[in-house]
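Coordinates in review
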Amino acid sequence: MIQNYLTAVWRYIARNRAFTIINLSGLIIGMTAFMLIAQYVIHELSYDTFWHHGKNVYRVHLDRYDKGELSTRWAAGCAGIGPDLKTNFPEVNKYVRMTGSNALLSYGDTFFREEGVYYTSEDFFEVFGYSLAAGVDSTALKGLNKIVLSRSLARKYFGEENPLGKTMRNNGREEYLVTGVYEDLPANSHMKIDVMLSFATYAKLVGMSNESELNQWQWDGFLTYVQLNDNANVTELEAKLPAYVEKREGEELKRFNAAMTFHFMPITNIHLDSDYIGEFKANGSRDSTYFLLIVAGLILVIAWINYINLSTAKSIERAREVGVRKVMGGYRWQLIQQFLVESLVLNTLAVVAAVAFVLLLTPWFSTLAGRAIGYELFQKNLFWVWMVLLIFGGSILSGLYPAFVLSAFKPVEVLKGRFKNTNQGVVFRKGMVILQFMASIALIVGTFTVYHQIRFMRNQKLGVDIDQTIVLRTPNITDSTYETKYEVFKNALNQFPEVAAVSASTSIPGASPDWNAGGIRRLSQREDEQKQYRIIMMDHDFIPSYGLEIVAGRSFSGDGTNEEASVLLNEAAVRHMGFEKLELAIDDQIFFWGDTFRIVGVLKNYRQESLKKDFEPLIFRYNQAPGGYYSIKFNTAEVQTSLARFENEWKQLFPGNPFNYFFLDDHYNKQYQADQQFGKVFGIFSALAIFIACLGLFGLSSLTALQRTKEIGVRKVLGASVPSILRLVSRDYVLLMGVAIAIATPITWWIMNNWLQEFANRIVLSWWIFALPSLAVIIIALVTVSIHTLRAARTNPATSLRYE
């Protein structure tokens with residue numbers, strides 16, 4: 001029986017090659033798109049699932065409030081919360097705290113500036129259950145001056161040598177004993193750590209006699225993870241914290257009219273749900289991930305709808321086949337089986353072809369999505385289980401309705417030629433077409449919105465000049481002559497004709513300032529009126545170099561006379577301090593870091609970070625040679641030749657420090673990289689969805705034109721023109737498009753308006769964002785339908801009516 005079904009399917013495919021290609025192409029494209037996006041979604045959801053003890057590990061987040069208003073949200077919160085949780089709450093088994101290091105590591109003559117370097121407390125490997133490849137988990141980070149390397153970093157410095165027991169230097173001063181090597185953290189980790197330094201060393205470097213002196217609650221910038229006991233209830237534990245905060249810090253917080261709240265986040269949720277201060281790296285977005293999953297589902301549904309529509313629309317051509325089979329003794333259940341086998345064969349072919357395309361396209365898609373997706377998905381048994389379910393599920397979903405429709409034909413009516421499509425069938429197909437184009441319109445409107453939001457952010461005036469700027473990281477290895485050497489380096493570069501300006505600062509545009517300070521207030525204000533601000537240290541050339549505008553007062557002077565007691569504020573900081581007018585801030589005094597500073601000028605707000613965020617209150621302090629970054633403004637396109645000369649000056653003044661540079665505009669635009677990648681992925685797959693819908697419409701209009709050939713012939717005999725026939729046939733599809741647009745527009749507006757709420761600066765959803773995509777879909781649909789209708793309309797009526 002099965003062999004008979006397969007033979008019938010093969011004969012049907014051979015007789016209807018064009019129809020089968022259209023049907024199969026839609027399924028293949030739909031399934032390929034679905035699998036590619038599913039790979040991405042599975043990769044995003046897999047973050048931090050590899051930790052052996054991960055189910056019991058949570059990161060402690062800190063929210064700080066000023067006068068009842070949320071001021072900062074920290075991934076890297078206060079230093080003392082980990083030890084206090086361990087001591088006072090039996091639910092907490094162990095904790096880990098970490099803080100970053102600006103590191104220049106060296107071994108012998110090999111030295112590199114490393115980014116992923118963290119001072120880490122001793123229980124890291126036991127808390128996370130991530131065993132060392134070499135060394136002892138429990139002691140590797142215990143004590144002073146210990147260093148643990150990732151496998152790749154160990155090879156980078158030691159080659160094939162055994163690194164254990166070797167000594168490395170950090171910043172040319174501290175010596176560290178290599179006590180462990182761990183396998184590189186997988187790509188699906190929210191952490192980016194290549195080197196761990198023992199936390200006790202950090203305590204010593206900041207002047208503490210032991211780690212316990214670091215247990216402070218007003219010192220932020222420390223990532224804290226806790227391992228809970230198996231029977232601990234995290235919700236109940238979190239509910240206990242407000243009372244403990246009140247007990248420990250209540251009086252101090254009341255004095256400053258401030259508040260603190262702590263939250264526990266499972267490490268498996270960090271990548272998609274955390275976007276706070278002090279993250280290891282930029283995380284993903286759960287909303288965007290699920291958004292793409294919806295797109296994948298819509299594409300697959302559109303492909304299946306195509307199959308259903310085309311199969312039922314072709315029912316007239318297959319009616320006689322059904323009639324003959326029933327006359328010859330075929331039962332309805334046998335016919336249903338045959339059509340389901342046909343659906344199964346086509347879905348199987350589509351899945352096999354789709355898997356092949358996914359294997360071929362995964363490297364390209366990984367680059368497009370900005371994720372190291374790889375082929376791990378195909379190595380999982382669960383994937384193949386899902387593929388089998390996709391084949392059978394798709395076969396049933398796409399084949400069941402056509403099977404019941406075709407098997408229900410009455411042989412007497414069919415063989416007498418009196419069969420025609422039922423009203424129910426026509427309404428069903430129209431409903432499917434509306435559903436297809438609702439999805440297509442929603443996707444193309446979404447693509448338009450994403451594109452225009454990104455373009456809006458990229459085209460806004462930043463208020464700061466980031467063009468033609470090279471940025472160097474300041475040297476790690478310095479001595480008491482550093483300020484003098486910086487001035488020599490700066491003067492040497494300024495001698496080159498291609499250099500317009502050189503400046504130094506602790507932060508540059510395109511990143512959140514590293515220093516966040518609380519307890520800042522005007523000298524005339526009470527202690528409970530103090531607030532938090534971001535601090536940037538700069539020399540006097542920073543402001544003119546970046547084209548920043550002074551709107552009140554003055555800038556820092558070049559002679560540096562008493563400037564270290566002076567500060568500048570941006571407009572946001574002036575308002576944050578309560579000044580009604582900018583001019584009123586000039587010569588007023590503020591108190592922070594245990595000292596008093598005079599406000600000498602106000603800077604016009606500029607975009608320190610992307611337009612996703614609003615203007616933050618910034619305070620600028622003068623420093624003759626701040627550590628962090630050197631900004632070099634140049635006025636030539638031939639910068640590579642100049643870089644070699646810059647490097648020569650660098651090596652003479654800062655030997656032992658690598659000459660690392662980047663272009664500021666590239667650095668700044670990385671803030672939009674995730675949104676751009678999302679926009680590209682969304683746009684490409686939206687186009688595929690529209691293509692699949694049009695592919696189905698192409699096949700459906702072909703069958704419609706074929707079924708209405710005699711009607712068109714009669715109309716031509718009666719004097720109808722080709723344009724009038726085109727209007728007649730197209731009218732039905734235009735009405736369907738109108739219904740799809742009417743339903744899709746409010747739904748899409750609601751979805752995209754919610755997405756735009758993530759941005760502090762955003763576009764307005766104007767009418768044309770919906771009108772242009774809708775018009776484009778109508779035009780594409782009409783062109784698709786007109787191809788076959790025009791051919792039928794141009795056919796000689798004598799030919800189309802010769803059997804009547």
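Residues numbered from 1 in each chain as written. Predicted model: local features only at pLDDT ≥ 70, side-chain atom pairs only at ≥ 80, totals over all residues. Heavy atoms only, no water.

1. Quick word on the overall build of the protein chain
Using the following cut-off: Each helix is a run of H or I in the DSSP string that is no shorter than four residues. Each strand is a run of E no shorter than two, and both are numbered from the N terminus. Whether a residue is buried, partly exposed or exposed follows from its accessible area with a 1.4 Å probe, protein chains only, as a fraction of its type maximum: under 20%, in between, or over 50%, in that order. Here, two residues are considered to be in contact whenever any of their heavy atoms come within 4.5 Å of each other. With residues, only the protein chains shown are counted as cover, and all accessible areas are computed by Shrake-Rupley using a 1.4 Å probe.
In terms of helices and strands, the protein chain carries 24 helices and 25 strands. For the protein chain, buried positions account for 52% of its 804 residues. Look at the contacts in the protein chain between residues 6 or more apart in sequence, and 80% of them connect residues 24 or more apart. Total accessible area computed for the protein chain in this model is approximately 36100 Å², and 56% of it derives from carbon and sulfur atoms.

2. Points about helix α2 (residues 17-45)
Note the following rule: By definition here, a helix of n residues has an expected span of 1.5 Å times n minus one.
Relative to the 42 Å expected for 29 residues at 1.5 Å per residue, α2 spans 41 Å between its end C-alpha atoms, a close match to the ideal helical length. The element α2 is extensively covered by neighbouring structure, given that 22 of its 29 residues are classed as buried.

3. Observations concerning the side chain of Ser686
Along the chain, Ser686 turns up in helix α20 (residues 673-707). If we skip the residues at most four places from it in the chain, Ser686 touches Leu443, Ile444 and Thr447.

4. Focus: the pattern of salt bridges
Quick reminder of the rule: For salt bridges, the criterion is a side-chain nitrogen of Lys or Arg within 4 Å of an Asp or Glu carboxyl oxygen.
Applying the stated rule across the entire model yields 29 salt bridges. One salt bridge in this structure joins Glu246 and Lys254, with 3.2 Å as the shortest N-O distance. Since its relative accessible area comes to 41%, Glu246 is described here as partly exposed. Salt bridges here are not isolated pairs; linked through shared partners, they connect Asp84, Arg248 and Glu249.

5. Describing the pairing of strand β15 (residues 469-473)
Put simply, the test is: Note on pairing: two strands pair once DSSP finds at least 2 bridges between them.
Burial within β15 is extensive, with five of its five residues counted as buried. Neither face of β15 is exposed, since Thr469, Val471 and Arg473 on one face and Ile470 and Leu472 on the opposite face are all buried. Sheet topology places β15 next to strand β24 (residues 629-634); five bridges connect them, and they run antiparallel. Within the sheet, the bridge partner assigned to Val471 lies in β24 and is Ser631.

6. Let's talk about the environment of Glu279
Definition in use: Two N or O atoms form a polar contact when they lie within 3.5 Å of each other; inside protein one atom must be a possible hydrogen donor and the other a possible acceptor, and for residues adjacent in sequence the pair counts only when both atoms belong to side chains.
Along the chain, the position of Glu279 falls in the loop between α8 (267-273) and α9 (286-313). Classification of Glu279 by relative accessible area gives buried; the value is 17%. When near neighbours in sequence (up to four residues on either side) are disregarded, Glu279 contacts Arg59, Ala75, Ile270 and Ser274. Of the polar contacts made by the side chain of Glu279, one reaches the backbone nitrogen of Tyr276; its length is 3.1 Å.

7. Looking at the nonpolar core
Which entries qualify depends on this criterion: Put simply, a nonpolar core is a bunch of buried Ala, Val, Leu, Ile, Met, Phe, Trp, Tyr and Cys residues held in one set by side-chain atoms that sit within 4.5 Å of each other.
Judged by nonpolar contacts, the single largest core of 103 residues is most densely connected at Met31, Met35, Phe437, Phe620 and Phe685. No other element matches the 12 residues that helix α14 (residues 423-459) contributes to this core. The residues touching Phe437, leaving out its near neighbours within four places in the chain, are Ala693, Leu697, Met737, Ala740, Val777 and Ala781. By size, the runner-up hydrophobic cluster in this structure holds 28 residues, among which are Val57, Ala75, Leu132 and Val148.

8. A word on the pairing of strand β1 (residues 57-66)
Most of β1 sits out of view: nine of its 10 residues are buried. Relative to strand β13 (residues 220-228), β1 is paired through three bridges, and the arrangement is antiparallel. From the neighbouring strand, Tyr58 faces β13, where its bridge partner is Val226. Here β1 pairs with strand β14 (residues 258-266) via nine bridges, running antiparallel. From the neighbouring strand, Val60 faces β14, where its bridge partner is Phe264.

9. Regarding a nonpolar patch on the surface
The cut-off we apply is this: Surface patches are drawn from residues lacking salt bridges whose relative accessible area is over 30%; two like charges belong together within 9 Å, two nonpolar side chains (Val, Leu, Ile, Met, Phe, Trp, Tyr) within 5 Å.
Among the surface-exposed residues, Val739, Ile743, Ile747, Trp749, Trp750 and Ile751 lie close enough to one another that they form a single nonpolar patch of about 550 Å² accessible area. Tracing the sequence through the fold places Ile751 in helix α22 (residues 722-756).

10. Observations regarding the packing of aromatic side chains
Convention followed: Working definition: a ring pair exists when centres of Phe, Tyr or Trp rings (six-membered ring for Trp) sit within 6.5 Å. Plane angles under 30 degrees give stacked, over 60 give edge-to-face, the rest tilted. A ring is scored as having a charge over it whenever the NZ atom of a lysine or the CZ atom of an arginine sits within 6 Å of its centre and within 35 degrees of its normal.
Enumeration according to the criterion identifies 46 aromatic pairs in this entry. With 5.8 Å between their ring centres and 35 degrees between their planes, Phe489 and Tyr630 make a pair best called tilted. Within this pair, whereas Phe489 is found in helix α15 (residues 482-494), its partner Tyr630 is found in strand β24, the two being separated by 141 residues in sequence. The pair formed by Phe489 and Tyr630 is uniform in burial state, with each residue classed as buried. When the ring of Phe659 is compared with that of Tyr661, the centres are 5.9 Å apart and the planes differ by 50 degrees; the resulting orientation is tilted. On the basis of relative accessibility, which here comes to 12%, the residue Phe659 falls in the buried class. Here the aromatic cluster, defined as three or more aromatic residues joined through ring pairs, consists of Tyr482, Tyr486, Phe489, Tyr630, Phe634, Trp650, Phe654, Phe659, Tyr661 and Phe663. The aromatic ring of Phe579 is capped on one face by Arg522, whose charged end is 4.0 Å from the ring centroid.

11. Digging into unusual backbone geometry
Despite not being glycine, Asp48 shows a phi value in the positive range, around 65 degrees. Following the sequence through the fold, Asp48 ends up in the loop between α2 and β1. Using a relative accessible area of 1% as the deciding quantity, one classes Asp48 as buried.

12. Digging into helix α5 (residues 151-158)
Convention followed: Of all possible arcs, the one meant is that of the directions from the helix axis to the C-beta atoms.
Within the span of α5, buried status applies to Leu153, Ala154, Tyr157 and Phe158. Considered in projection along α5, the buried side chains sweep an arc of 105 degrees and stay on one side of the axis. Contacts made by the buried residues of α5 are with β5 (103-107), β6 (110-114), β9 (146-150), β10 (167-170), β11 (174-182) and β12 (195-198). With its phi angle positive at about 65 degrees, Gly159 sits one or two positions after the end of α5.

13. Quick word on the packing of α15 against helix α18 (residues 639-653)
Our working rule: Every axis corresponds to a line fitted to the C-alpha atoms, with the helix fit spanning only the stretch in contact, and the corresponding angles, defined between N-to-C directions, vary from 0 to 180 degrees. The labels follow the angle: roughly parallel below 35 degrees, roughly antiparallel above 145, roughly perpendicular from 65 to 115, and oblique for the rest. Helix crossings get a hand from a simple test, with the near helix turned counterclockwise from the far one by less than a right angle marking a left-handed crossing and a clockwise turn marking a right-handed one. Three residue categories are used. Nonpolar comprises Ala, Val, Leu, Ile, Met, Phe, Trp, Tyr, Cys and Pro, charged comprises Asp, Glu, Lys and Arg, and polar comprises the others, including Gly.
The contact between α15 and α18 brings their axes to 10 Å, and the two run at 160 degrees. In terms of their interaxial angle, α15 and α18 are classed as roughly antiparallel. Relative to α18, the crossing made by α15 is right-handed. In this structure, α15 uses Lys485, Val488, Phe489, Ala492 and Leu493 to contact α18, whose residues at the interface are Phe646, Glu649, Trp650 and Leu653. Each residue belonging to the contact of α15 with α18 can be placed in one class, and the counts come to seven nonpolar, no polar and two charged.

14. Brief notes about the environment of Trp217
Assignment of secondary structure puts Trp217 in the loop between α6 (199-205) and β13. A residue is classified by how much of its surface remains accessible, and Trp217, at 2% relative accessible area, is buried. Setting aside anything within four residues of it in sequence, one finds Trp217 in contact with Arg64, Cys78, Gly80, Ile81, Asp84, Tyr244, Val245, Arg248, Glu249, Met260 and Phe262. Separated by 3.0 Å, the side chains of Trp217 and Asp84 make a polar contact.

15. Regarding the side chain of Asp123
Selection criterion: As used throughout, the charge tally considers Lys and Arg to be positive and Asp and Glu to be negative, leaving His and the chain termini uncounted.
Within the secondary structure, Asp123 sits in the loop between β7 (117-120) and α4 (124-128). For the buried residue Asp123, which engages in no salt bridge, the nearest side chain bearing the opposite charge is Lys94, 4.5 Å off.

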